[in-house]
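Fold and contact review
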Amino acid sequence: MPKLEQNPSPSLKASRSSYQYGSKKGGNNRRPRTGTQVTPNNTLLTPKKKVNIIPPPESGIIRIIPLGGVEEIGKNMTAIEIGDDIIVIDAGMQFKTEDTPGIDYIIPNTTYLEERKDKIRAMIVTHGHLDHIGGIPLVMNRIGNPPLYSRNLTILMMRKRQEEFPQLQALNTNIVEKDSVVTLGNIRIRFFGVTHTVPDSMGIVIETPFGSIVTPGDYKLDQIDGKVTEEEEKEYAFFDKEKVLLLLTDSTNVENEGFSLPEIKVHEGLDKLIKQGNGRIIIAAFSSHLTRLMKIVEIAESLGKKIILDGRSIKTNMEICEQAGIFKPKKGTIIPIEDVDSYPPNKIIILMTGAQGEEFAALGRVANKTHKKLTLKPGDTIILSSSIVPGNEISVQHLKDNLTRHGVRIISYRTSEEYIHATGHGNQEDIKWLHRKTHPKFFIPIHGWHSMLVKHKEIAMSLGMSGENIIVPDNGSIIEIVDSGERIVMRKEKAPSGPMMVDGFSIGDEQDVVIRDRVMLAQDGMFVLIATIDSSTGKLRKSPDIISRGFIYLKENQELLHQVRLIIKKTIEDGSKGMNPINFDLIKTTLGDNISKFLFQKTAKRPLVIPVLLSI
Ligand SMILES: [Zn+2]
Ligand SMILES: [Zn+2]
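Fair warning: this is a prediction, and the values are worked out from it, not measured in the lab.

**Observations regarding the pairing of strand β21 (residues 348-352)**
Among the five residues of β21, five are classified as buried, and the element is accordingly described as predominantly covered. The side-chain alternation of β21 yields two buried faces, one formed by I348, I350 and M352 and the other by I349 and L351. With helix α9 (residues 312-323) bridging strand β20 (residues 306-310) and its parallel neighbour β21, the resulting β-α-β unit is left-handed.

**Overview of the packing of aromatic side chains**
Summed over all chains, the structure comprises seven aromatic pairs. Relative to W433, the ring of Y236 lies with its centre 5.1 Å away and its plane at 90°, an arrangement referred to as edge-to-face. Remark: W433 occurs in helix α12 (residues 428-438) and Y236 occurs in helix α6 (residues 230-236); sequence separation between them is 197 residues. Assigned by exposure class, Y236 and W433 land together as buried.

**Describing α12**
By the criterion of burial, α12 is predominantly enclosed, with nine of the eleven residues buried. Among all positions of α12, only Q428, D430, I431, K432, W433, L434, H435, K437 and T438 are buried. Where α12 is buried, its residues contact β17 (227-228), α6, β18 (244-250), β24 (442-446) and α13 (450-462). Looking one or two residues beyond α12, the residue adopting positive phi is H439, at roughly 35°.

**Brief notes about the coordination of the zinc ion (ligand 1)**
Ideal coordination angles are 109.5 degrees for a metal with four donors arranged tetrahedrally and 90 or 180 degrees for a metal with six donors arranged octahedrally. Coordination of the zinc ion (ligand 1) by the protein comes from H127 (NE2), H129 (ND1), H196 (NE2) and D218 (OD), over a distance range of 2.1 to 2.3 Å. When the donors of the zinc ion (ligand 1) are listed by position in the chain, the intervening gaps give H-x1-H-x66-H-x21-D. In this model, the zinc ion (ligand 1) sits 3.5 Å from the zinc ion (ligand 2), the two metals being bridged by D218. Of this pair, H196 sits in the loop between β13 (187-193) and β14 (202-208) while D218 sits in the loop between β15 (211-215) and β16 (223-224), placing them 22 residues apart in sequence. Comparing H196 with D218 shows no difference in burial state: the two are buried.

**Description of helix α8 (residues 290-302)**
Here α8 spans 19 Å end to end across 13 residues, near enough to the 18 Å set by a 1.5 Å rise per residue. Along α8, the positions that sit buried rather than exposed are L290, R292, L293, M294, I296, V297, I299, A300 and E301. G304 sits one or two positions beyond α8 and adopts a positive phi of about 70°.

**Let's talk about unusual backbone geometry**
Look at K369: it is not a glycine, yet its phi comes out positive at around 60°. Note that K369 resides in the loop between α10 (362-367) and β22 (381-385). Exposure remark for K369: the relative accessible area of 69% places this residue in the exposed category. Phi angles above zero are rare outside glycine, and S484 is one such case at about 50°. Within the secondary structure layout, S484 lies in the loop between β25 (477-482) and β26 (487-494).

**Quick look at the pairing of strand β5 (residues 77-82)**
Of all six residues in β5, six are buried, a share of seventy percent or more. Of the two faces of β5, the one lined by M77, A79 and E81 and the one lined by T78, I80 and I82 are each fully buried. Pairing of β5 with strand β6 (residues 85-89) involves five bridges; the strand directions are antiparallel. Bridging from a neighbouring strand, I80 pairs with I87 of β6. The hairpin formed by β5 and β6 contains two residues between the paired strands, and G83 there has a positive phi angle of roughly 55°.

**Here's the deal with the coordination of the zinc ion (ligand 2)**
At 2.1 to 2.2 Å from the zinc ion (ligand 2) lie its protein donor atoms, namely D131 (OD), H132 (NE2) and D218 (OD). Considered as a linear motif, the donors of the zinc ion (ligand 2) on their single chain read D-H-x85-D. With a relative accessible area of 0%, H132 lands in the buried category. Note on D218: relative accessible area 1%, which makes it buried.

**Some remarks on the nonpolar core**
In terms of nonpolar packing, the biggest core is built from 64 residues, with L113, M123 and I136 touching the most fellow members. The leading source of residues in this core is α8, at seven residues. Ignoring any residue separated from it by four or fewer positions in sequence, one finds I136 in contact with A91, M123, V125, L148, M158, Q162 and L171. Core analysis: the second largest hydrophobic core is formed by 33 residues, I89, M202, I471 and V472 among them.

**Structural notes on the packing of helix α5 (residues 152-162) against α9**
α9 packs onto α5 with a crossing angle of 135° between their chain directions and a minimal axis gap of 10 Å. In terms of their interaxial angle, α5 and α9 are classed as oblique. The chirality of how α5 crosses α9 is right-handed. Where α5 abuts α9, its residues L153, L156, M157 and K160 lie against T316, N317, I320, C321 and Q323. Per-class residue counts for the contact of α5 with α9 are five nonpolar, three polar and one charged.

**Examining the packing of helix α7 (residues 263-276) against α8**
Look at α7 against α8: their axes get within 10 Å of each other, and the N-to-C directions meet at 35°. Along this stretch, α7 crosses α8, giving a crossing that reads as right-handed. Note on element contacts: α8 touches α7 through T291, R292, K295, I296 and I299, opposite E263, V266, H267, L270, D271 and I274. Here the residues of the contact of α7 with α8 sort into five nonpolar, two polar and four charged.

**Considerations on the side chain of S212**
As for its position among the elements, S212 is in strand β15. Among residues more than four places away in sequence, those in contact with S212 are V205, I206, E207, E242, K243, V244, L245 and L246.

**Let's talk about the pattern of salt bridges**
For the structure shown, the criterion picks out 34 salt bridges. Across the pair R190 and E242 runs a salt bridge whose closest N-O atoms are separated by 2.6 Å. Here R190 is found in strand β13, whereas its partner E242 is found in the loop between α6 and β18, with 52 residues between them in sequence. On the basis of relative accessible area, R190 is assigned to the buried category, the value being 17%. A salt bridge links D574 to K570; its shortest N-O distance comes to 2.8 Å. Separated by four residues within a single helix, D574 and K570 lie in helix α15 (residues 558-576), roughly one turn from each other. Note on D574: relative accessible area 40%, which makes it partly exposed.

**Some details on the sheet that holds β22**
If you walk across this open sheet you meet the five strands as β20-β21-β19-β22-β23, and the pairing is parallel. Every other strand in the sheet has two partners, leaving β20 and β23 (409-412) as the edge strands with one partner each. Pairwise comparison of adjacent strand axes, ignoring direction, gives a mean angle of 20° for this sheet. Contacting β19 (281-285), β20 and β21, α9 crosses the sheet at an angle of about 120° to β20.

Cut-offs used in this document
Residues numbered from 1 in each chain as written. Chains lettered and ligands numbered in written order. Predicted model: local features only at pLDDT ≥ 70, side-chain atom pairs only at ≥ 80, totals over all residues. Heavy atoms only, no water. Buried < 20%, exposed > 50% of the residue type's maximum accessible area, 1.4 Å probe, protein only. Helix = DSSP H or I, 4+ residues; strand = E, 2+ residues; numbered from the N terminus. Right-handed = clockwise from strand over helix to strand, strands pointing away. Phe/Tyr/Trp six-rings, centres within 6.5 Å; stacked < 30°, edge-to-face > 60°. Contact = heavy atoms within 4.5 Å. Donors = N, O, S within 2.8 Å, 3.2 Å for Na, K, Ca; no water. Expected span 1.5 Å × (residues − 1). Pairing = 2+ DSSP bridges. Core = buried A, V, L, I, M, F, W, Y, C linked by side-chain atoms within 4.5 Å. Axes fitted to C-alpha atoms, helices over the stretch in contact; angles between N-to-C directions. Parallel < 35°, antiparallel > 145°, perpendicular 65-115°, else oblique. Left-handed = near helix turned anticlockwise from the far one by under 90°. Nonpolar A, V, L, I, M, F, W, Y, C, P; charged D, E, K, R; others polar. Salt bridge = Lys/Arg side-chain N within 4 Å of Asp/Glu carboxyl O.

Structure (structure tokens):
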């Protein structure tokens, strides 16, 4: 029996070589990664990191560190450090992108906090959206499970999510309400209610000796035609007397002019469309737009229609709302999908997931006829009550095409005469209103891509703020308010900020090796060569085996393969000549180099080359 040379784990060898040859592509943006080990099951063990030498803030200094959400939309997290106390706000997640194939999701880098665990007094969460709570289970575990504070619905949503991680410690949750006051360490903290697409969204006021630090979390104004409602004015009224030292706020919609469309207009639009429809109505919406979903159920009840909930996240979220006591559907309003044919079509409204064209979401399955319990028919109306998240345009187009083939009527956001969707974030006029209302001394724009933060800075300056009082951060920037609250500065050191990628059961900021391999595999495929060497003579025992996937069609490239085999033979036999014992690692490296070079010359492609040597 041939034995695998020198190492008991074939995957170990393969992974190493894949890195070695992989590193040739793309040149200098790839750091050498000596010291990273790959274990047999392919999880990465990162070398012990250097201890961070960022000193603690001196007395009288307030430190603010945006750890995520300021170079992207998603994975929001900010730390506030005063004296011996650290308060963390939100721990979001971000979904994978084209740059991170195969990754489940990304969470903020928590290294700075991990090194200062015993100073963390609390995690405070503004609301229950995944870009604010998605990282909670893994982040809390890494930063020592500090007490968690938020409003009731948000706490229930976090608990529900935690159930997916039974191996982790239970959350230490504390419910606060919008008028609660808590003292954590030496810091007094208050809250206020904000309007967003999910109930129980709240802003945070952190008191300091020089004034308060304020963040509203995600918000838009409850207003009609620019007139802010009385209740909303009341929520924000305390700012008239508040001395705001620093405002940190959302930049998501900073490029949109005017005020955000109020949700009430969407409710009116949906109400009208539902009344007009004389067949079944299927509404696909973000499962996170809880306010809208609950409103649709209310509309159905007012018209004597039945509601079917289809899709796991919609069902779960509505259950949580019921549990929180904010959603009380009448008995019999919500019916199981199995009963869809027991009522006339004009009595049925189906709420579904999948408006982004996700293939396996409920609407996607209906569209491509793989839904087991529902078949579309002419007369059905489908309302896509959501915007298209950038990057999903093609999937949504496929979805619409597939739906159209069923002869149904589709009403979508851009083409509808009625309002069927509104964003949950404030536009420019909402943003200006907030700045005027809070009249902060200093300002840090957060939540958005860099260009959005800069735009937000310009808006603040157009309202009269001095550029010196505004800092546009990157993830990990360490910002300090110094001189007894008189100046805001950015330190030259940065907190570690590389994204932590969650890939199956492993988490790390060093997984770019794996990601890089996936990108290469996706681009140019792989090329595996297996050679059997006689360890006593250094000669090949037989012609090498070659396996390729996604690279070239082997049957039509016999000449190329022939040359590859000659290079393998020559490389191995030259490399082992006069050697005893044979240095298999060296031969493998040379072999990978030679074959990579040759394949690139012949095909202009750079597949992942994986040499496997067997010795007998
Ligand atoms: Zn939100
Ligand atoms: Zn958000």
